[in-house]
Amino acid sequence: MNCPSKTFVILEGRESMGGTWDLFRYPGIRSDSDMHTLGYRFRPWRDAKAIADGPAILSYIRETAAEYGVDKAIRYNHRVRRASWSSEHARWTVEIETGEILTCNFLYLCTGYYDYASGYTPEWPGVARFRGTIVHPQKWPEDLDYSGKRVVVIGSGATAITLVPAMAQRAAHVTMLQRSPSYVVSRPAEDKVGNLFRRYLPDHLAYALTRWKNVFVGTFFYRLARKKPEVFKWMVARGVRKALGEKYDAKHFTPPYNPWDQRLCFAPDADLFDEMRAGRVSVVTDQIDTFTEDGLLLQSGEHLDADIIVTATGLVLRLFSGMQLVVDGSAIDLPNTFVYKGMMFSDIPNFAFAVGYTNASWTLKCDLTAEYVCRLLNYMDQHGYDVCTPRVNDTDIEAEPVIDFNSGYVLRALHTLPRQGSKTPWRLHQNYMKDLRMMRYGRVDDGTMEFKAARAARVAGAGVMAHG
């Protein structure tokens, strides 16, 4: 709607839409962000539950795509192998794994940053000895029956916190084995204020008000966690202690790092704590010595009996699904690039990518990025430009890691990632309000973006292409 003169096609590497919400099928799969901020800005979330399950989110995505006609522009089973930019022709040539070739003036990647092929699993001694079933959540088998089984879930991140209470409904017992604790915060699955707004106000107004409320609340608590970590730690510990009562053991819920050094975990309606109090779930903080025939031997000497072991040990970071980027015959080395406004790379022309926040809902940033891409394309059309390229002209810019997290999946992949700079527009704010001012109201011609006209090289009919 914002660029009515443009044509586009969406290339989807998988056989269906939905990304994470279509791929992941493990019990209890849900978002840990509220749907009033994870949902699209232009289409209200109308369900009562703000912390929604995977199937509900997938339906919302598909309904939105159909409502706006986006589904008709998707070509499935089109995995991009390589994309090459030619300055001479001012266009991208996109090569599909099937051998098909497409061209476009602007390339927009919406691939996320996880490897969809497989998750991360450490190498443990004795794995082959285990006679039970080992499952990674990313490859959950549809026919796995865990009813009445003893289950051990290895991990303490968002996936484990989701899986454990869900599996406890049918399993004989579920043990969450963690090497170190995470910060776990209970929050209501329903947004009572948001539902009140929806009862008395038009959908779009109620949704907008709830969205802004949650943005401000989330920003407040994130700033509190970073500026006064001891206060935030006390608040989290107090909440867990209240939820668990006499079952509370500080060693299982006191991480060795500050809040938001890693992402917080959320337990909707205290489901994890309820299962612990009921005796269906236990938490063990220890490390694996070896797998045995019927479970896990820990370094403390304790043995965990198990029929099923779930390795909720994380995902693999892989930008752009491994596709190769080439500019004028030279392969792009991402670690040598800087991220511009959290959506483009230095010295890569007519290219953008969608990525979300680490401390808030993914879609908040993706909405701003999509809006800014439209602003950029319209600006270029209005001024007769065909090429836009972010350039690092400030000699005082210092390189910093692109993600300020010490989570294992980040540290394992940090050497493969681009860098951020010490100043705007090369700095990732992880702050919706700052990005809103910069991307919705800031100048497009900001002195950093280089524009060029190449009318003779324009390809008729080529437009924007996104790879999903």
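So, a few notes on the structure that sits alongside this text. (Residues numbered from 1 in each chain as written. Predicted model: local features only at pLDDT ≥ 70, side-chain atom pairs only at ≥ 80, totals over all residues. Heavy atoms only, no water.)

Looking only at helices and strands, the chain features 11 helices and 26 strands. Radius of gyration (C-alpha) of the chain: 24 Å, near the 23 Å computed for a compact globule of 468 residues. With the principal axes as the frame, the chain shows a C-alpha extent of 70 × 55 × 45 Å. Buried residues in the chain amount to 51% of all 468 residues. In the chain, the proportion of contacts linking residues at least 24 apart, taken out of those at least 6 apart, comes to 72%. Carbon and sulfur atoms provide 51% of the accessible area of the chain, an area that totals close to 21600 Å². Computed over 57 positive and 53 negative side-chain charges, the inter-centroid distance for the chain is 5 Å. (Helix = DSSP H or I, 4+ residues; strand = E, 2+ residues; numbered from the N terminus. Rg over C-alpha atoms; globule rule 2.2 N^0.38 Å. Buried < 20%, exposed > 50% of the residue type's maximum accessible area, 1.4 Å probe, protein only. Contact = heavy atoms within 4.5 Å. Areas by Shrake-Rupley, 256 points an atom, 1.4 Å probe, with all protein chains shown as cover. Lys, Arg positive; Asp, Glu negative; His and termini not counted. Charge placed at Lys NZ, Arg CZ, Asp CG, Glu CD.)

Under the counting rule described, the total for this entry stands at four cavities of 30 Å³ or more. Roughly 220 Å³ of internal volume is contained in the largest cavity. Across the lining of the largest cavity, the residue classes break down as 15 nonpolar, five polar and no charged. (1 Å grid on protein atoms, 1.4 Å probe; cavity = no way out; pocket = protein on both sides within 12 Å on 5 of 7 lines; lining within 4 Å. Points joined across faces, edges and corners; volume = space filled by probe spheres on them. Nonpolar A, V, L, I, M, F, W, Y, C, P; charged D, E, K, R; others polar.)

Residues Val217, Phe220, Phe221, Val231, Trp234 and Met235 make up a contiguous nonpolar surface patch of roughly 560 Å² in combined accessible area. At the level of elements, helix H6 (203–227) and helix H7 (229–244) are the ones that each hand at least two residues to the nonpolar patch. As for its placement among the helices and strands, Phe220 is situated in helix H6. (Patch = residues over 30% accessible without salt bridge, like charges linked within 9 Å, V, L, I, M, F, W, Y side chains within 5 Å. Salt bridge = Lys/Arg side-chain N within 4 Å of Asp/Glu carboxyl O.)

A few words on the pattern of salt bridges. This structure, assessed with the given rule, holds 32 salt bridges. We note a salt bridge from Asp115 to Arg318, for which the minimum N-O separation is 4.0 Å. In this pair, Asp115 is assigned in the loop between strand S6 (106–109) and strand S7 (133–135) and Arg318 in the loop between strand S16 (308–311) and strand S17 (324–327), connecting sequence segments 203 residues apart. Note on Asp115: relative accessible area 14%, which makes it buried. The salt bridge involving Arg150 is made with Asp307; its shortest N-O contact spans 3.0 Å. Here Asp307 lies in the loop between strand S15 (303–305) and S16 and Arg150 lies in strand S8 (residues 150–154), a separation of 157 residues in the sequence. Given the relative accessible area of 25%, Asp307 is considered partly exposed.

Attention now goes to the nonpolar core. By size, the foremost hydrophobic cluster in this structure holds 95 residues, and its most contacted members are Trp92, Phe273 and Phe351. Counting residues in each nonpolar core, the second largest holds 31 residues, with Cys388, Ile397, Trp426 and Met438 among its members. (Core = buried A, V, L, I, M, F, W, Y, C linked by side-chain atoms within 4.5 Å.)

With respect to topology, three strands assemble into an open sheet ordered S13-S14-S15, the strand pairing being antiparallel. Among the strands making up the open sheet, the edge pair consists of strand S13 (288–292) and S15. When the angles between neighbouring strand axes are averaged without regard to direction, this sheet yields 20°. As judged from the three bridges shared by strand S14 (residues 295–298) and S15, these two strands associate in the antiparallel manner. What sits directly across from Gly295, in S15, is Asp305. (Pairing = 2+ DSSP bridges. Axes fitted to C-alpha atoms, helices over the stretch in contact; angles between N-to-C directions.)

Glancing now at a positive patch on the surface. Positive charge collects at one region of the surface, where Arg223, Lys227, Lys434 and Arg437 lie side by side. Tracing the backbone shows Arg437 in helix H11 (residues 432–441).

In this section: unusual backbone geometry. A cis amide bond links Thr424 to the next residue, Pro425, at an omega of 5°. Looking at where Pro425 falls in the secondary structure, it is placed in the loop between strand S24 (419–421) and H11. Here Asn350, not a glycine, exhibits a phi torsion of approximately 45°, which is positive. Among the structural elements, Asn350 can be located in the loop between strand S20 (344–345) and strand S21 (351–353).

Function cannot be read off these values alone, since they describe shape.
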